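A look at the structure
Take a look at the letters that make up each chain.
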Amino acid sequence: MDTMKAIGNVDQEGMNTLNTQANALSLKQLSYLLAVAETLNFTRAAERCFVTQSTLSGGIAELERTLGVQLVERDRQRVALTPVGVEVVERAQSILSASRDLVARAQMAADPASGEFRLGIIPTIAPFLLGAILSKTRTGFPDLILRVRESQTAALLQELELGELDAALIALPIDLGKLKAFPLFEEPLRLVAHRNDALCKTTGVRLREVDTRRLLLLEKGHCLRDHTVSACSAKQREANNNDSNPVEASSLATMVQLVNSGLGCALLPDMAIRAGLLHKTEVKQIELAAPLPSREIALVTRNSHPKLHFIETALCPLLKACQPG
């Protein structure tokens, strides 16, 4: 019996110690650590956090004292995370994401259509829908402050998971992990080539008959590249992997210029063509035979987002109304 009491006392003391350490943790200190992990430079990390370098260093030192472990190795030549520092950073990301959601939840109690909303958009959508989105948002939700970030899909999804974005407008299909997608509309992909290209002299072209060695792609990281490759047949994909076109574009505008120079053909989003991307060029759209390639435009967010109902019932209908047509 005495032994059991002793063990119980030790366990309780251990819990008390853990609770004391946990209560001493500071979200600000965790944000300092994340900034150092991302920059591996104390000066740049301090600038990112809008504090002095001494304040940031002191905050991380206090965090290390609270946890009782060294998180960062630093000398005049280099800054690196210790193994336990890497683990703490991973957990800190989740903690800070949850804290942002908590703040947003509190703000939403008054009005979900007010305050700041951080929206990510991929580069093959932003130039063609952003104007309509901003206009309709100002009209429909005048108290909502929309902050827009344009980046590639992988970066946006990561920022969503970390709580740095509220939602992202992307193109499916793509692996979303635990994130939730609200499909908005299906968009055709259009085959284009120079007006003198042999493809422009025929009708009802089948995509599987197109020589993929002439099919221009965006550089890696753009989901439209993956959608283009997926639209091809297995035989075409194999040929493309074995003997791919060495020319890649960094944007749709560059892609059109490459096609206009006669370097090949390309699949472009319908919204880009409707927006006039082919104007003042000799690039023409080619009518494809069914089945037509397409991508699905969707709004993605976290299942735990405090404004999930607002996103689904109010924001998604607004975005659907921005569909070119």
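The structure under discussion appears in the preceding block.
The paragraphs below set out a description of the structure included in this document. Here the structure is a predicted model, which means the values were calculated and not measured.

1. Some details on the pairing of strand β4 (residues 144-150)
- Judged from the 7 bridges that link them, strand β3 (residues 115-121) and β4 form a sheet pairing that is parallel. Note that in β4 the partner of L119 across the bridge is V148.
- With helix α6 (residues 126-140) bridging β3 and the parallel β4, this β-α-β connection has right-handed handedness.

2. Observations concerning the environment of P188
- When you line up the elements, P188 lands in strand β6 (residues 180-194).
- Judged by its relative accessible area of 26%, P188 is partly exposed.
- Distance in space between the C-alpha atoms of P188 and L267 is 9.5 Å, their sequence separation being 79 residues.
- Setting aside anything within four residues of it in sequence, one finds P188 in contact with L268, P269, D270, P293 and S294.

3. Observations regarding the nonpolar core
- Core analysis: the biggest nonpolar cluster contains 72 residues, and I133, L169, I170 and L299 have the highest contact counts within it.
- The element that contributes the greatest number of residues to this core is helix α12 (residues 308-320), accounting for 8 residues.
- I133 has contacts with L119, I121, L146, L169, L318, L319 and C322, leaving out every residue within four places of it along the chain.
- Counting residues in each nonpolar core, the second largest holds 20 residues, with A35, L56, L63 and V79 among its members.

4. So, the packing of aromatic side chains
- On inspection of all chains with the given rule, the structure shows 1 aromatic pair.
- Seen in terms of ring centroids, F141 and F310 are 5.2 Å apart; in terms of plane orientation they differ by 70°. Their pairing is edge-to-face. Residue F141 is located in the loop between α6 and β4, and its partner F310 is located in helix α12; the two are separated by 169 residues in the primary sequence.
- Owing to a relative accessible area of 14%, F141 belongs among the buried residues under this scheme.

Conventions we followed
Residues numbered from 1 in each chain as written. Predicted model: local features only at pLDDT ≥ 70, side-chain atom pairs only at ≥ 80, totals over all residues. Heavy atoms only, no water. Pairing = 2+ DSSP bridges. Helix = DSSP H or I, 4+ residues; strand = E, 2+ residues; numbered from the N terminus. Right-handed = clockwise from strand over helix to strand, strands pointing away. Buried < 20%, exposed > 50% of the residue type's maximum accessible area, 1.4 Å probe, protein only. Contact = heavy atoms within 4.5 Å. Core = buried A, V, L, I, M, F, W, Y, C linked by side-chain atoms within 4.5 Å. Phe/Tyr/Trp six-rings, centres within 6.5 Å; stacked < 30°, edge-to-face > 60°.

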